[in-house]
Amino acid sequence: MSLAAPPPPVWALDVARQASPATSAPVPRATGTTDIEQVSSAWKHVRNVIREDAKPADLFDLLSHSVRETQYSFQPQGWPSLLRPLSPILNEMPAMVLERYAACQTVAFCGVFPEIRRAWASVDNSLFLWRFDKWQDVPLEYSGEEQSICAVGLVRPRQGVFVEAIQHLLIVLLGVCCAPGPHGEPATQVSLRPLPLYSVPADNVTMVTVAGSAEGRIFLGGADGNLYELLYSTGEGWRSKRCSKVCHTGGIRQLLPAFVPAFLFGAPSALVDLVVDDARHILYARTQTSGIQVFDLGSSGTDAPHKVAETASFLLEASNALGGRDVFGRGSGDKGASVVYMAPIPPADSQRLHLLTVTADGRRVFWSTIPARYGVPPDSIRPDRLRAEVARQAMPTSAGAPGRGGGAAQGQRGLEVVAAHYARGALLLACAGAGAGEGRTRLFMLSRDLSIPPVGTATGAHVAVAGLREAVTELDMVVPGDACTVKSVSLSRGLLLGAASESGTALAGPLAELSAQNMAPPPRFVAVTTAGVLELEKLRPVDVLAQLLEERAAAKLEQFFKSYGPAEAAAMCILLATSAPPTTPAAVAAKQALDNPRLCGEPAVREVEAGTAQQGAGFDDGTAATGGGFDMGAAVPVAEPDWSGAHKGLCLYLARLLQGVWEQPVVSQARSGAGMLSCRIPTSTLQVLEDRLRALDAFLGDFLQRRRSARRDDGAGAGTGASTPAGSMLSMPLAKRQRLEDAVQLELKRTAAVRALAARTAEACFLLRVLVEHNLGRLVARCEDSWRAALRTLRFREWAAGEGGEGVAAQLVSVLLTEHLSATGGVAEDLSAALQGGCPSFFREDDKLYYRASGLLQRAEAAPALADRETFAREAVSLMMRVPLAVDLGQVVPQLAYLRDFEAVVELPLKKAAALDPHNVALAGAGAAAEEARSKRLDSCYQHVMAVLRFLVDPSAGARGEGAAAGLDRGLSEADRKLYKRTLLRRAAASDDRLFHETLYGTLIDLGAVRDLLELDTPYLERYLLTAGGLAGAQAGAQIGPLNLNQAAHVEVLARYYISRQSYANAARVYELLAERRSGPGEAAVSLDQRMQAYQEAVLQAKSQGDAELLDGLEGKERVLGLQQRLVDALEGAASRLEEGGDEAGREEVGGVVAELRSGPQELVELYNDVAVPYQLWGLCLEMVNLSNYGDPAYVRQLWDIYLKQAWEGGWSRAQGGGGGEGEGGGGDEEEGDSLRSEAALDDCCRHAEDLGAQFYPSENSLPASHVLLRLEQAAAGTWPQRTGLPLETDRVVRAMVRICAGSYEAVVRTYETLLSVRGGDPNGEELHAPFLRLRLLRSLFLAVQAAAERLADGGAMAGPALVASSRRELGALFTACEAYAAEARRLMPQDDAEQLAGDFLELQRRMQPLVQQAGYSRGLFA
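Keep in mind the model is a prediction, meaning the values are calculated, not measured.

Novice: Kindly report on the overall build of the chain, identifying the contributing residues and their values.
Specialist: Scanning the chain for helices and strands turns up 47 helices and 37 strands. A total of 1423 residues make up the chain; the buried ones form 50% of that total. For the chain, the proportion of contacts with a sequence separation of at least 24, taken over those separated by at least 6, is 64%. Here the chain has roughly 63,800 Å² of accessible surface; of this, 51% comes from carbon and sulfur atoms.

Novice: Lay out the environment of Q1198 in plain terms, naming residues and giving numbers.
Specialist: Here Q1198 shows up in helix α39 (residues 1193-1217). Taking the relative accessible area as the measure of exposure, Q1198 reaches 45% and is therefore partly exposed. It is 9.9 Å that separates the C-alpha atoms of Q1198 and H1267, two residues lying 69 residues apart in sequence.

Novice: Before we move on, can you summarise the confidence of the model for the chain with the specific residues and values?
Specialist: When pLDDT is averaged across the chain, the result is 81; 82% of the residues are at 70 or more. Long-range and interchain partners of residues 1-33, a stretch whose pLDDT sits below 50, account for 81 contacts in this model, where long-range means more than four residues apart. The model gives residues 716-727 a pLDDT under 50, and that stretch makes 19 contacts with residues more than four places away or in other chains.

Novice: If you had to explain the side chain of S854 to someone new, which residues and values would you point to?
Specialist: Looking at where S854 falls in the secondary structure, it is placed in helix α23 (residues 845-862). Not counting chain neighbours up to four residues away, the residues in contact with S854 comprise L821, M880, Q891 and Q895.

Novice: Summarise unusual backbone geometry; cite the residues concerned and give the values.
Specialist: With an omega dihedral of 0 degrees, the bond running from G1041 to P1042 counts as a cis peptide bond. With respect to the secondary-structure elements, P1042 resides in the loop between α31 (1021-1028) and α32 (1045-1060). Despite not being glycine, S290 shows a phi value in the positive range, around 70 degrees. Within the element layout of this structure, S290 appears in the loop between β17 (282-287) and β18 (292-296). The backbone phi angle of Q1062 is positive, close to 60 degrees, even though this residue is not glycine. Assignment of secondary structure puts Q1062 in the loop between α32 and α33 (1064-1076).

Novice: Would you mind going over the packing of helix α29 (residues 994-1006) against α32 in detail, with residue names and values included?
Specialist: Two numbers describe how α29 lies on α32: the axes approach to 11 Å, and their chain directions differ by 95 degrees. Between α29 and α32, the angle falls in the class roughly perpendicular. Contacts between α29 and α32 involve G1002, I1005 and D1006 on the former and, on the latter, N1046, A1049, H1050 and V1053. Residues that form the contact of α29 with α32 fall into these classes: 3 nonpolar, 3 polar and 1 charged.

Novice: Run through the packing of helix α25 (residues 889-898) against helix α27 (residues 928-953), naming residues and quoting values.
Specialist: For any two helices packed against each other, the geometry comes down to the angle between their axes and how far apart the axes lie. At a minimum axis distance of 10 Å, the contact between α25 and α27 shows a crossing angle of 30 degrees. As far as their axial angle goes, α27 and α25 are roughly parallel. When the axes of α25 and α27 are compared, the crossing they make is right-handed. Where α25 abuts α27, its residues L889, G890 and V893 lie against S940, C941, H944 and V948. Here the residues of the contact of α25 with α27 sort into 4 nonpolar, 3 polar and no charged.

Novice: Describe the sheet that holds strand β23 (residues 387-392), naming the residues involved and giving the relevant values.
Specialist: Here 4 strands make up an open sheet; going across it, the order is β20-β21-β22-β23 and the pairing antiparallel. Here the strands that pair on one side only, and so sit at the sheet edges, are β20 (339-344) and β23. Geometrically, the sheet is characterised by an average inter-axis angle of 25 degrees between neighbouring strands, direction not taken into account. As defined by bridge partners, strand β21 (residues 355-359) adjoins strand β22 (residues 364-368) across 4 bridges and the pair is classed as antiparallel. Bridge pairing in β22 places T357 opposite V365.

Novice: Can you lay out the packing of aromatic side chains for me, pointing to particular residues and giving the numbers?
Specialist: Summed over the entire model, instances satisfying the criterion amount to 21 aromatic pairs. Here the aromatic rings of W1208 and W1212 are separated by 5.1 Å at their centres, their planes lie at 25 degrees, and the arrangement is stacked. Of this pair, W1208 and W1212 both sit in helix α39, 4 residues apart, roughly one helical turn. Across the pair, W1212 and W1208 agree in class, each one buried. Following the ring pairs from residue to residue traces out a cluster consisting of W43, W662 and F796.

What counts as what
- Residues numbered from 1 in each chain as written.
- Predicted model: local features only at pLDDT ≥ 70, side-chain atom pairs only at ≥ 80, totals over all residues.
- Heavy atoms only, no water.
- Helix = DSSP H or I, 4+ residues; strand = E, 2+ residues; numbered from the N terminus.
- Buried < 20%, exposed > 50% of the residue type's maximum accessible area, 1.4 Å probe, protein only.
- Contact = heavy atoms within 4.5 Å.
- Areas by Shrake-Rupley, 256 points an atom, 1.4 Å probe, with all protein chains shown as cover.
- pLDDT = per-residue confidence, 0-100.
- Axes fitted to C-alpha atoms, helices over the stretch in contact; angles between N-to-C directions.
- Parallel < 35°, antiparallel > 145°, perpendicular 65-115°, else oblique.
- Nonpolar A, V, L, I, M, F, W, Y, C, P; charged D, E, K, R; others polar.
- Left-handed = near helix turned anticlockwise from the far one by under 90°.
- Pairing = 2+ DSSP bridges.
- Phe/Tyr/Trp six-rings, centres within 6.5 Å; stacked < 30°, edge-to-face > 60°.

Structure below.
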């Protein structure tokens, strides 16, 4: 399968922490698993210990606070000299040069180019180059010009102008091609290539000096006092030349003809020296008369030089400086005050001082080019002046007193400085020999005396020494020849000092040399005289210590520790012990010095007074006390360890070793572009740093072992080391003795943590080198976007000791090994072994086994035979089951799915989940720890199984070919998909991991695969559904919710679960809970329709169960909810009518009631009293009475009266509003309109009675049929609910009663008979005995009997000769009743109508006679 998309990290910090629990051993093994938190804490401890070391000091502060009497010092007697030659004899001038010099006709010069490690000499028109570090090297000669060479300079050209092989320009103009040596030595082979196209005429101006800038600009100083620049480009155009010369200072003078007398402008002063400050982009020019000019090159260094300042009188300016009156007097008549050297001061040394000048007698002046504006960044200010800030007296040539005395006496003769050089805080002076004859040179060096303890300035600015005190050192040998130049030799590339410079780390200030000595070899200089070349080396403090250690002089060693302090001296001892082989005398003596408590001291306890915020490492955890935290009140004195000098020195050494790369970004944009990234730190720097750190790791292992052994030998009471007698400890109070013992143990613990930090950082360097060797840019390009974004901002500190770096490193290693496995066919043993050996904390043994198994999986994918695939896959799974924490399930599960090993698809994630949470914290309940454990198991393990399951259940649910299902998207048939789904579910159901089961259940429910879920035979399903559905702990009869959609879905599945287990009663109760759950906002809202559906499902399950009591209760609730829904519909209609009528207040009131009704089921009493009655919904009131079986007949009759009256009035109003009423003509039209309205009102009355009566029949409680019939007849007679005087036909009432009585004419007749039998004293008796109403009742009864007879007749014709018994009885009753009804009619008035009605009854009886006879009855039967 394709592995182009690398997986997520194979391991993680939390995984490692679970896999390798911390032990009680105080010293973590350097080759074992390193806890990131421990490493990070160790760095915080180191940073707190060395806090004072990081404070910078400006050179101006040092100079301004120095005292004249203590400005210079000399090495103590017996200490080695700080300046020594690399060779005891001078490397003489080559014979070829001397021969040519003997025949010199015009001029001869000599100098040195340290950049290409060559000395040079020019004789007339010939130029010679030879190696000054190689004895008797054969010089390279160039003599391609006719004119004499008067100035030579070496400049690095701009990129893109010349071929890449030309790395320097030798200004005459030659291309210098440099080739490195076999071991990377710079400029081992040099060749000169003439560039004839890049030459310009000098226009009769002698160029005296040459200087180049970092941007490749070439400046020339002419003897005419002007500043020139040599411009060059790749080609010529009509507006520009390939090479040209520009004068920047000529002004109007260069426009005049050459014959104009020079006296018009005065005699020019030649520019004898040009210096470029590449950091500030300033050009300084020095004239032959000691004038100094300042040119601004712009903030980018590419602008045309603009002169901003010039000294009119050097002596006058210098005398105005701080200390200038004492050094230069009044500023006049001083022959030794001519300037012989100037150099820019790096910004790291001072932000205020920019230029250093040295006079011929050794006095120095420090200059500034910007105003002293405090609070304004100096980089944002361009130069606009040249002001002398500080003047310093010349150094003494001999010590005024032996040893390290306070002052220094002047020598018998002043200095005659010929050449000088300033670099990294050291000033090397080449002076004419005094008393040694002509042609001799004495070399002096001024360097910062670092042995003075730090103090603070009176003004509050921190200064690390009491002013600037410089050590004076004279070379022990006299150099033959006259001095020509002195230069420093540049350091080799790839050293830690170069990394520190690139990172912007301040390697300046008074302690710069102490920091630099850990990163770079001793500074080297080269001095060129007329006799030859001499290489010099300045001893660092550590070099002095090494010689003292080799001498085994205890007094000198103690003096050194006192001078530099125990911490600094111990840091130097560690440097010696880790830089040289451990068996060298210096390394052995350095270890002994670190073990000597007289030199380094022992950890002690210091009492922290109340109210004092102590900085530094705490006694408990070693972290800094910020002092700005939460104030708990009065401070309680606590004991803090005062670390020993050895421990402080360890922290100093490690911090200085790492400062060059610690805050560096790991990657940067590659020069090739296209979004590619490259390593920001050179591999050579990483290699050097790794070697140093591994040496420190080994040293600390031996150091800790010696310390522990010494403490065991001292016994329980010694506590302070072998050199301290145990009695002194025993004489202390017990509490103090215990605190001292605790301090010692804590220091050992902190030292072990620092060792772990060093080991971890070394491994980080190794891993980064390996990644660079395997094309880091390509590996990064194959990572996910989130990891690439994290890497872009990642610093080396986070890479080595941060959780973010751990994750990025894991991702890159995963990509690297995945790529390697693909390239080698599944074999990565060599690379795995290298990673495990070089960075075991990044790549552990478990990871090695995992990648071995991953290779087997790749071989299984490529194997053609099924048996081989199964064998490789089985072996791979077996290996991974041994190291589950190292398994990257994101990569492995797709491979297993492709191999169709679905049992392993489930087993491997379950194994990893068990390893991630061995104590089942995820099932411990609530809390942050449990939640984190659950999230970890779900995200790291279960989700991969669920991804495969999703594809098997529904391939269209997600993107095909992505994620864990990528291995399945290869022509999988439907039958195979179902088979694999059953296999996976069967294995999943067999698991005893409850959390996995719950995840499985949730996934199946989300996919809608409820049938697959219910088919599983698992013990956790019911509990899960109860919990996930929000039913856990629900009380019987209590309301649940609100439920979101997911919870509601789980509750529905729970009901289906009970149905599948034939537990219908439980299913009915679950549906009942769903119907009665609380409603909530958003997706938790429940409509009445949804509740009704749930009630219907509950009723269905109750019927299946056969529980009559449960069924009755559910049906009643269902009917109540139906009434509630009808109330909502009715009120919504009313609200719409109110809105149309403009009654906004009424609409809002009704809307509130509707919202309340929609919120959930209401009690029937509440619906009746609070809604139906207030809003006069009388029909619904009657339905509620019917549902409740209310037994008060008078109240029910009253409700029917109101209901029918409301219906009548509604029909009347609608008929009246429809125009069926009043006319403008006579009374006949009006009467006709009233008749129509009466008919409409009666019809509405009958319809409403039909609607409810049909529902209630034959209930006597809710349907008083005789009373309803009476009201309908009265409405038809025009006497109720209001008298209209317009009687209507009675057939409409009869039809209504037939529908009410469910088509039973017998019931209708019986109802009429009931009304006719009412006595005068009964309710409504008087009304019923009125002849008019009674006659209408009989007429209606006639219609009912007639209709009944017709129905019976139709039924008999259809049934044939035999009628059913019920029909015969009903027919006989009607036949007999007709005669009685006729007799009743004859007693009524008016007589004519009554007689006619009686005749109708008798006629009806006659027509019924044949039917009665057919049924076998005789007339006498009914008599």
